[in-house]
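Overview (structure and organization)
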Amino acid sequence: MGDAVPLNDSTAVVDTVADVQARYVATPESTEQAAAVLRMATERGLKVVPRGTATKLEWGKPPDRVDILLDTSRLVGIVDHAAGDLVVRVRAGTPMSRLAGTLFPKRQRLSLSTRLPVQDGYVGGTVGGTIAANPSSQLRYGFGTIRDLLIGVTVVLADGTIAHAGGGVVKNVAGYDLGKLLVGSLGTLGVVTEAVFRLHPAPSATRLVTVEVDQGEIAGWLAAALRRAQLAPSAVEVDAWNDGAVTVGVLVEGVPNGVVARSEAAARILGRDAEITVVEGPSELPDWWLSPATDAAGTSLRIAVPPSVAGPMVDIVRATSARAGVTVTCRGSLGAGVLHAGLSGEYDVEPVAALVEELRELAAKHEGTVLVESAARDVHRALGKRGTDAFGPIPALPLMERLKHEFDPDRVLAPGRFAGAI
Amino acid sequence: MRIRTKAANPLSPLCTKLRSRIGAEKVVDDPTELETYACDGLAQYRVQPGLVVLADDADDVQAAVQECVAAEIPFVARGSGTGLSGGALPRADGVLIVAARMRGIKTIDPDDVCAVVEPGVINLDVSRAAAPHGLHYAPDPSSQQICSIGGNVAENSGGAHCLKYGFTTNHVTGVELVTPDGGRLRIGGRAAEYPGYDLLGAYVGSEGTLGITTEVTVRLTRDPEDVRTLLAAFETIDEAGAAVSAVIGAGVVPAAIEMMDALAIEAAEVAVGCGYPEGAGAVLLVEIDGPATEVQHTFEEVQRHCAESGAFEVRVAKDDTERALLWRGRKSAFAAVGRISPNYIIQDGVIPRTTLPEVLHAMTELASSAGVRVANVFHAGDGNLHPLVLFDAAVEGEEERAEEVSGAILDLCIEHGGSITGEHGVGVDKAKHMPKMFTADDLDTMQRVRCAFDPAGLANPGKVFPTPRMCGEVPRVHSADEARNDRRADEATPNGAEVF
Ligand SMILES: Cc1cc2nc3c(=O)[nH]c(=O)nc-3n(C[C@H](O)[C@H](O)[C@H](O)COP(=O)(O)OP(=O)(O)OC[C@H]3O[C@@H](n4cnc5c(N)ncnc54)[C@H](O)[C@@H]3O)c2cc1C
Ligand SMILES: Cc1cc2nc3c(=O)[nH]c(=O)nc-3n(C[C@H](O)[C@H](O)[C@H](O)COP(=O)(O)OP(=O)(O)OC[C@H]3O[C@@H](n4cnc5c(N)ncnc54)[C@H](O)[C@@H]3O)c2cc1C
């Protein structure tokens, strides 16, 4: 049978999603095979969770049930890198590191994260997982997020329908932009099997300018001054702990001469204590730049506020966490106003849930939101007891639920994972 | 005094209701006045709307939509009516809801680098209002002096500078809309992102089929420190194409890189006397912007690539006045073609940039074998072609031939892996071409989105999709009990061996 898909029984601990044990693991090698898996699952009433390299499989709420893990590890390969058009078409299971490795020799990149290593042999997240999880990227200040770079997508719906949207060219307004709906959908709307991205030329020179200040608010002033200047940095990041200094990092990329002048101008804005680092590879970036705010076991909050509020928000996160008795790392795009608060160490879940609600109230005053990106099951439970969830209040939730119903009426894909009843 | 007799308008009851609800002066049913709304920028399609509502605010829009919903009457949104795909083409049996009077700029916020505007605000007015703060609104369609932000959001409009800065979708962070069931909804806001599905991403570019925008929050962009512009003249299109490839291949991202061919240059010359170099088979207009040191380096590189690719003349603008002069020919190009041809079709297609020379040759062949002329103006950096197919409607059969060539150009775009529209949208004009680019399943999946927003199919029906999709019943909200049942159903699952 052409549609036959390798499917194995599973009892392995690795085949769990937020402690929910999967029964089977399917490893389709093509879009058609992925469609066959989903069709079968729908017919049999089985629930499916797509899986890349499982680096962000805990994101969202724990799914109600997982029967099949649809693993994309055999759905790999660069289909076409049209270097002259700055476009790449790639299968969804392809590791991001492999994609970066293909683009690097052509001096191009997918402008997401400077963390993405280009060394061989590293297995990081996959293309599909990155689309579905939508990790906030450092380069969003200069280049937007994956939603701004994704120009075409192939997706399989729960009933096995194979759909394409967008296309192979950067400029294209034919039809609805389904790709954007899949960004951050955590596998609940469909399984991405192929994606097309717009690329950027890799910069020929990079410098990082850093400074330590006392408070988030001061960091915010610096970010405001950088916004007023015309230096066009690629990233404006912040790093802070419960107490101590707040570090601001400004990434300047471009041609060598330009980068020298711009990094010096940025250093003048950041003040006397600013330091300039010439970056020739990821190893020259500081540790905080290279690691996420939370380890896998911790609770990760994603706080999005208007840019002018980002600095003060760092102070608020520090103060409220201290009151809740939680150790926090606050890191993210000070420039764009998207921060991560990583809660770690030993803590009780009740104060964490209360902290989330407190932060939500404060953020809401400025049209800001707090998403619990990942957390242990008991934190989700504590949020539920308070009548909220990881996603918090969403005005358009009923519309999102209708959308889910149109795409996946039988709730085959990761039921319970997303906002509200999705 | 003139007495007009008019046939009973089937929308009369709706008209009466609406008038009492929002005020008589905002509801137009006078046939002469209705006729002025019969078309948008694509004048070959004309339909006199059943009724026109001139909304002053979101309440008016909502009232109009609610009355339409109650009476099951379709409605179409309109901004400035400059659309080039018939997106705002009215329905004779429906209501045209015009947002053009909603022109308030509510906020220009230099700290959050954003603006909050009503949908009828003219694109350029946002940049004008932001200018004192050294900011501007980046998407700059050539129609920016007349088109509305609401229309831009609906079309996901682009402009010459979107190669570097992106399209409308990359600059809108929030909208308020009246949903097709008459509700009010806010998606997004001032922050860069919001939890949940990216509905905004689907809404931008949906051509008025998912609701009517009543407020838009856009990101503003810092003015660049330096801008440099050059015009390079080449003897052939191939040389100009090679220059574009060389520039992009060198890792340069110009703010804009535009191309015009001999016929387009000729038209612009007649219309505005732009004084482009004589004997040019093609000109390239290249703009580099950004931090001064970067611009200086990059601009030199661009000049070198132009020279190496065979440019016989390169003009560099010394100041803003000279820059405006260089742009003048390009900006006038669409209208200018009217000077050398009584009629023309403005086509909008996209190809991978690297296939440019090949596609242009094929296009020339198409045109000459059909005996029509095609002038070419395009956003060369992103392969967005705007072939202008010239014809004389007075000459028997010429219009049909022009239509054929215009359609065949889209086929060429699709064959080369491109798109049937880069910025003008599908509207009513290109709905028939959608199946060439998308499968039935693709289109059906897109329409699932539509069913979620507009199950009754009242918002701008007949646009974008060649055939409507029947929407199922509105779902019940999934309950906690059902979730528990899902978990219990665990026991009933078959084993692996049986499945395959
Ligand atoms: C070196 C490196 C550095 C990185 N730096 C950062 C960083 O700084 N910050 C950050 O947040 N992230 C970062 N990432 C990205 C991130 O770790 C992952 O790339 C990505 O977010 C998850 O990929 P995954 O394949 O592990 O997905 P998984 O964890 O397997 O899945 C994540 C979610 O996506 C769904 N999913 C997976 N595949 C599909 C598919 N094909 N279709 C539909 N849904 C699918 C899953 O069901 C799940 O909900 C980095 C990655 C690497 C390699
Ligand atoms: C000379 C000329 C040059 C042009 N150059 C460009 C260009 O460079 N780039 C480009 O992208 N386009 C260009 N256009 C096309 C056109 O200007 C754009 O599509 C523009 O965005 C349309 O805006 P509008 O206000 O005129 O919308 P309209 O024509 O009134 O409507 C366009 C579509 O938007 C919908 N709509 C309008 N307002 C709303 C609302 N409030 N809520 C929901 N839906 C709404 C309508 O239903 C319709 O589907 C050009 C047009 C002309 C005439």
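Reading guide: rules and limits
Residues numbered from 1 in each chain as written. Chains lettered and ligands numbered in written order. Predicted model: local features only at pLDDT ≥ 70, side-chain atom pairs only at ≥ 80, totals over all residues. Heavy atoms only, no water. Helix = DSSP H or I, 4+ residues; strand = E, 2+ residues; numbered from the N terminus. Rg over C-alpha atoms; globule rule 2.2 N^0.38 Å. Buried < 20%, exposed > 50% of the residue type's maximum accessible area, 1.4 Å probe, protein only. Arc of directions from axis to C-beta. Core = buried A, V, L, I, M, F, W, Y, C linked by side-chain atoms within 4.5 Å. Contact = heavy atoms within 4.5 Å. Near = heavy atom within 4 Å. Polar contact = N/O pair within 3.5 Å; in protein donor to acceptor, adjacent residues only side chain to side chain. Salt bridge = Lys/Arg side-chain N within 4 Å of Asp/Glu carboxyl O. Domains from an automatic or database assignment. Buried area = accessible area lost by both parts, 1.4 Å probe. Patch = residues over 30% accessible without salt bridge, like charges linked within 9 Å, V, L, I, M, F, W, Y side chains within 5 Å. Areas by Shrake-Rupley, 256 points an atom, 1.4 Å probe, with all protein chains shown as cover. Lys, Arg positive; Asp, Glu negative; His and termini not counted. Charge placed at Lys NZ, Arg CZ, Asp CG, Glu CD. Expected span 1.5 Å × (residues − 1). Axes fitted to C-alpha atoms, helices over the stretch in contact; angles between N-to-C directions. Parallel < 35°, antiparallel > 145°, perpendicular 65-115°, else oblique. Left-handed = near helix turned anticlockwise from the far one by under 90°. Disulfide = S-S within 2.5 Å. Pairing = 2+ DSSP bridges.

Turning our attention to the overall build of chain A. Counting secondary structure elements, chain A contains 13 helices and 21 strands. Taking 2.2 N^0.38 as the reference for a compact globule, 422 residues should give roughly 22 Å; the C-alpha atoms of chain A span a radius of gyration of 21 Å, in line with that estimate. Judged by the C-alpha coordinates and their principal axes, chain A covers about 70 × 55 × 40 Å. Evaluated residue by residue, chain A yields a buried proportion of 64% over its 422 residues.

An α-helical turn contains 3.6 residues, so any two residues separated by three or four positions project in the same direction. All names here are of chain A. Val 379, His 380, Ala 382 and Leu 383 are the residues of helix H12 (residues 377-385) that are buried. End-on view of H12: buried residues confined to an arc of 160 degrees, all on one side of the axis. Once H12 finishes, Gly 387 follows within two positions and takes phi at roughly 80 degrees, a positive value.

Time to look at the nonpolar core. Core analysis: the largest hydrophobic core is formed by 178 residues, its most contacted members being Ile131(A), Phe197(A), Leu199(B), Leu284(B) and Val449(B). With residues up to four places along the chain from it excluded, the contact list for Leu284(B) reads Leu230(B), Leu231(B), Ala232(B), Phe234(B), Ala240(B), Ala243(B), Val244(B), Ile257(B), Glu258(B) and Met259(B). Counting residues in hydrophobic clusters, the runner-up holds 27 residues, among them Ala267(B), Val283(B), Ala333(B) and Ala336(B).

Residue and element names in this part refer to chain B. Around ligand 2 there are 32 residues in total, and Ala 77, Gly 79, Thr 82, Ser 143 and Ser 148 lie nearest to it. Contact distances for ligand 2 include 2.7 Å between an oxygen atom and a backbone N or O atom of Gly 79. Broken down by secondary-structure element, the contributors of at least two residues to the shell around ligand 2 are strand S3 (75-78), helix H5 (149-155) and strand S10 (212-219). Considering each element in turn, the shell around ligand 2 owes the most residues, five residues, to H5.

Take the pattern of salt bridges next. A full pass over the atoms with the stated rule returns 48 salt bridges over all chains. For the salt bridge of Asp148(A) with Arg147(A), the shortest nitrogen-to-oxygen distance reads 3.5 Å. Given the relative accessible area of 18%, Asp148(A) is considered buried. Among the ionic pairs, Asp411(B) bridges to Lys436(B), the shortest N-O distance being 2.9 Å. Of the two residues, Asp411(B) is situated in helix H13 (residues 398-415) and Lys436(B) in helix H14 (residues 434-437); the sequence distance between them amounts to 25 residues. Relative accessible area serves as the criterion here: at 28%, Asp411(B) is assigned to the partly exposed category. Each member of the salt-bridge network shares a partner with another, and the members are Glu367(A), Lys106(B), Asp109(B), Asp112(B), Glu176(B), Arg186(B), Arg190(B) and Glu215(B).

Often, the extent of an interface is quoted as the loss of accessible area upon association of its parts. Residue and element names in this part refer to chain B. According to the domain assignment, chain B contains domain 1 (105-222), domain 2 (226-334) and domain 3 (341-415). Using C-alpha coordinates to define each centre, domain 1 is positioned 29 Å away from domain 2. The partner domain 2 presents 11 residues to the six residues of domain 1 that form the contact. Counting the surface domain 1 buries against domain 2, the share from its top three residues, His 161, Leu 163 and Lys 164, is 62%.

With that settled, consider the domain arrangement of chain A. Residues and elements named next belong to chain A. The domain architecture assigned to chain A consists of domain 1 (1-202 + 395-422) and domain 2 (203-390). Computed over C-alpha atoms only, the centres of domain 1 and domain 2 are separated by 27 Å. Taken together, the contact pairs 27 residues of domain 1 with 28 residues of domain 2. Buried surface at the junction of domain 1 and domain 2, both sides included, amounts to about 2200 Å², of which 52% is carbon and sulfur.

Moving on to a negative patch on the surface. A cluster of acidic residues, Glu396(B), Glu399(B), Glu400(B), Glu403(B) and Glu404(B), forms a negative patch on the protein surface. Secondary-structure assignment places Glu404(B) in helix H13.

Here we come to helix H3 (residues 58-71) of chain B. Residues and elements named next belong to chain B. Given a rise of 1.5 Å per residue, 14 residues ought to cover 20 Å, and the 20 Å separating the end C-alpha atoms of H3 matches this to within 8%. Here H3 has its buried residues at Ala 58, Asp 60, Val 61, Gln 62, Ala 63, Ala 64, Val 65, Glu 67 and Cys 68. Following H3 by one or two positions, Glu 72 adopts a phi angle in the positive range, close to 55 degrees.

So, on to the packing of helix H11 (residues 349-364) of chain A against H12(A). All names here are of chain A. One can describe the packing of H11 onto H12 by two numbers: an axis separation of 9 Å at closest approach and a directional angle of 60 degrees. By the criterion of interaxial angle, the relationship of H11 to H12 is oblique. Our pair here, H11 against H12, has a crossing hand that is right-handed. Between H11 and H12, the residues in contact are Val 349, Glu 350, Val 352, Ala 353 and Val 356 and Asp 378, Val 379, Ala 382, Leu 383 and Lys 385, respectively.

Before going further, it helps to spend a moment on the state of the cysteines. All names here are of chain B. Counted under the stated rule, the structure contains one disulfide over all chains. Covalent S-S linkage joins Cys 451 and Cys 471, the inter-sulfur distance amounting to 2.0 Å. Taking the sign of the S-S torsion, -80 degrees for the link of Cys 451 and Cys 471, the bridge is left-handed. Taken together, the residues Cys 451 in helix H15 (residues 440-453) and Cys 471 in the loop between H15 and helix H16 (480-488) connect sequence positions 20 residues apart. In this model Cys 68 remains outside any disulfide bridge; the closest cysteine sulfur is found in Cys 15, 12 Å from its own. The exposure class assigned to Cys 68 is buried, which follows from its relative accessible area of 0%.

Further remarks concern the sheet that holds strand S10 (residues 150-156) of chain A. Residues and elements named next belong to chain A. The strand order across the open sheet built from five strands is S7-S8-S12-S10-S11, with neighbouring strands paired in antiparallel fashion. Unpaired on one side and paired on the other, strand S7 (78-82) and strand S11 (162-166) mark the two borders of the sheet. Averaged over all adjacent pairs, the angle separating strand axes in this sheet is 10 degrees, with direction ignored. Of the pairings in the sheet, the one linking S10 to S11 comprises five bridges and is antiparallel in character. If you follow Val 156 over to S11, its bridge partner there is Ile 162. In the packing of helix H2 (residues 96-103) onto the sheet, the strands contacted are S7 and strand S8 (87-91), and the crossing angle to S7 comes to about 35 degrees.

Residue and element names in this part refer to chain B. Of all nine residues in strand S14 (residues 282-290), nine are buried, a share of seventy percent or more. Covered by surrounding structure in S14 are Ala 282, Leu 284, Val 286, Ile 288 and Gly 290 together with Val 283, Leu 285, Glu 287 and Asp 289, the residues of both alternating faces. By the bridge criterion, nine bridges tie strand S12 (residues 226-234) to S14 in an arrangement that is antiparallel. Looking at the pairing, Ala 232 lines up with Leu 284 of S14. Where strand S13 (residues 256-261) lies against S14, six bridges are found, and the strand directions are antiparallel. The residue of S14 that forms the bridge with Asp 261 is Ala 282.

This part takes up the sheet that holds strand S15 (residues 235-241) of chain A. All names here are of chain A. A sheet is described by the order of its strands in space; here eight strands give the open sequence S17-S14-S16-S15-S19-S20-S18-S21, paired in antiparallel fashion. A strand with exactly one partner marks an edge of an open sheet, and here the two such strands are strand S17 (275-278) and strand S21 (369-374). In this sheet, neighbouring strand axes are inclined to one another by 20 degrees on average, regardless of whether the strands run parallel or antiparallel. Note that strand S14 (residues 205-213) and strand S16 (residues 246-254) share nine bridges and pair antiparallel. Each residue of the ladder has a partner; that of Thr 210, found in S16, is Gly 249. Against the sheet, helix H7 (residues 216-228) makes contact with S14, S15 and S16, and its axis sits at roughly 20 degrees relative to S16, the strand it touches most.

Right, let's get into the interface of chain A and chain B. Chain A puts 86 residues into the contact, and the matching count from chain B is 93 residues. Both faces considered, chain A and chain B share a buried interface measuring about 7700 Å² in area, 59% of it formed by carbon and sulfur atoms. In terms of surface lost to chain B, no three residues of chain A exceed Lys171(A), Val173(A) and Tyr176(A), which account for 13% of the buried area on that side. Summed over the shared surface of chain A and chain B, the number is nine salt bridges.

A few words on the environment of Arg184(B). All names here are of chain B. As for its placement among the helices and strands, Arg 184 is situated in strand S9 (residues 184-188). A residue is classified by how much of its surface remains accessible, and Arg 184, at 40% relative accessible area, is partly exposed. Each C-alpha atom of the pair Arg 184 and Asp 59 lies 9.4 Å from the other, and the pair is 125 residues apart in sequence. Aside from chain neighbours lying at most four places away, what touches Arg 184 is Ala 58, Asp 59, Gln 62, Leu 177, Val 178 and Thr 179. Side-chain polar atoms of Arg 184 contact the side chain of Gln 62, separated by 2.8 Å.

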